[in-house]
Amino acid sequence: MKTTKQSVTTDQVIRNEANKVIAALHNPNYPITPIVAESVIESLQAVAETLELPVAKTLRIRLIAIRNNIHVNQVVA
């Protein structure tokens, strides 16, 4: 997919939402379970793959890490 201003913006929005979920996963004041985090990131990954965004590969890697109980900090550019 050719990178356009719109695709970069969409990529960043998906990345930001994934980072919010990951932050909540490790926040004792607003904890979510790993299964909820997996579900949300899996949905974001599906959208990113459909739109052929670069963040899709990173989300797939983070999803695998969460499923394997590996600490994940954030999705970086």
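As a reminder, the structure under discussion sits directly above these lines.
Residues numbered from 1 in each chain as written. Predicted model: local features only at pLDDT ≥ 70, side-chain atom pairs only at ≥ 80, totals over all residues. Heavy atoms only, no water.

Student: Looking at this model, I keep getting lost on the pattern of salt bridges. Mind explaining?
Tutor: Side-chain pairs of opposite charge can arise whenever the charged atoms involved come near each other. Overall, the coordinates contain 5 salt bridges when judged by the stated rule. With a closest N to O distance of 2.5 Å, Arg67 and Glu42 form a salt bridge. Highlighted residues: Arg67 in helix α3 (residues 55–67) and Glu42 in helix α2 (residues 34–50), separated in sequence by 25 residues. Owing to a relative accessible area of 40%, Arg67 belongs among the partly exposed residues under this scheme. (Salt bridge = Lys/Arg side-chain N within 4 Å of Asp/Glu carboxyl O. Helix = DSSP H or I, 4+ residues; strand = E, 2+ residues; numbered from the N terminus. Buried < 20%, exposed > 50% of the residue type's maximum accessible area, 1.4 Å probe, protein only.)

Student: Would you mind showing me how to read α2 here?
Tutor: Because an α-helix packs 3.6 residues into every turn, residues spaced three or four apart end up facing the same way. Between its first and last C-alpha, α2 extends 24 Å over 17 residues, near the 24 Å set by a 1.5 Å rise per residue. The complete set of buried residues in α2 reads Ala37, Glu38, Ile41, Leu44, Gln45 and Ala48. Buried residues in α2, looked at end-on, bunch into an arc of 135°, giving them a common side. Across from the buried face of α2, at angles greater than 90 degrees, the exposed residues are Ile35 and Thr50. Of the residues one or two after α2, Glu52 is the one with positive phi, at around 55°. (Expected span 1.5 Å × (residues − 1). Arc of directions from axis to C-beta.)

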